[in-house]
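Below, each chain spelled out in residue letters.
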Amino acid sequence: NLLQILRYSKPEWTLIFGGIIVCVVGGTVFPTFSILFSNIYEVFAEPDPEEKRQQGHKWSIMFLIIGLIAGISMLFQSIFFGTTAERLTKRLRCR
């Protein structure tokens, strides 16, 4: 039963809550990526090559930041939920 599992995992609720927060942050990555990607079209339409280069560098850094946020959020999701699952499994097996 799901409610029993939630009761057993009560000591790890802080880890579960942290994992949920990190999942929300990670979930905003792809919508943000699509917004940034749509702005790239404006850069390619720029007639001035120097302005195109500057804007291209700016948006490439933004994509790098989005990639770092995605990677860090996946790392912390794995840490939070993995630790929770490991502790819950150990507690259930020792029971």
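Okay, so let's go over this structure. Everything numeric in this text was worked out from a predicted model, so none of it was measured.

### Focus on the pattern of salt bridges
Between side chains of opposite charge, pairing is possible as soon as their charged atoms come close. Scanning the model with the defined rule gives 2 salt bridges in all. Of the charged contacts in the structure, one is a salt bridge between Arg-91 and Glu-12, with a shortest N-O distance of 2.6 Å. Taken together, the residues Arg-91 in helix α4 (residues 49-94) and Glu-12 in the loop between α1 (2-8) and α2 (13-27) connect sequence positions 79 residues apart. Its relative accessible area of 29% is what places Arg-91 among the partly exposed residues. For Arg-53, the salt bridge is made with Glu-50, and the minimal N-O distance between the two is 2.9 Å. Separated by 3 residues within a single helix, Arg-53 and Glu-50 lie in helix α4, roughly one turn from each other. Among the residues examined, Glu-50 registers a relative accessible area of 39% and is labelled partly exposed.

### Concerning α2
Taking 1.5 Å per residue, 15 residues should reach 21 Å; α2 reaches 20 Å between its end C-alpha atoms and fits that length. Restricting attention to buried positions, one finds in α2 the residues Leu-15, Gly-18, Gly-19, Val-22 and Gly-26. Taken down its axis, α2 places every buried residue within 100 degrees of arc, on the same side. With respect to the buried face of α2, the exposed residues turned more than 90 degrees away are Thr-14, Phe-17 and Val-24.

### Quick look at the packing of helix α3 (residues 29-44) against α4
For the pair α3 and α4, interaxial distance at closest approach is 10 Å and the crossing angle is 170 degrees. Considering the angle they form, α3 stands roughly antiparallel to α4. Judged by residue contacts, Val-29, Thr-32, Phe-33, Leu-36, Phe-37, Asn-39, Ile-40, Val-43 and Phe-44 of α3 engage Lys-52, Gln-55, Gly-56, Trp-59, Met-62, Phe-63, Ile-66, Ile-69 and Ala-70 from α4. Class assignment of the residues belonging to the contact of α3 with α4 gives a composition of 13 nonpolar, 4 polar and 1 charged.

### Some details on α3
With 16 residues, α3 should reach 22 Å at 1.5 Å per residue; the first-to-last C-alpha distance of 23 Å fits that figure. If you check which residues of α3 are buried, you get Val-29, Leu-36, Asn-39, Ile-40 and Val-43. Down the axis of α3, the sector holding all buried residues measures 120 degrees, keeping them to one side. Turned more than 90 degrees from where α3 packs its buried face, Phe-30, Ile-35, Tyr-41 and Glu-42 sit exposed. Its buried side turned inward, α3 meets α2 and α4.

How each quantity is defined
- Residues numbered from 1 in each chain as written.
- Predicted model: local features only at pLDDT ≥ 70, side-chain atom pairs only at ≥ 80, totals over all residues.
- Heavy atoms only, no water.
- Salt bridge = Lys/Arg side-chain N within 4 Å of Asp/Glu carboxyl O.
- Helix = DSSP H or I, 4+ residues; strand = E, 2+ residues; numbered from the N terminus.
- Buried < 20%, exposed > 50% of the residue type's maximum accessible area, 1.4 Å probe, protein only.
- Expected span 1.5 Å × (residues − 1).
- Arc of directions from axis to C-beta.
- Axes fitted to C-alpha atoms, helices over the stretch in contact; angles between N-to-C directions.
- Parallel < 35°, antiparallel > 145°, perpendicular 65-115°, else oblique.
- Contact = heavy atoms within 4.5 Å.
- Nonpolar A, V, L, I, M, F, W, Y, C, P; charged D, E, K, R; others polar.

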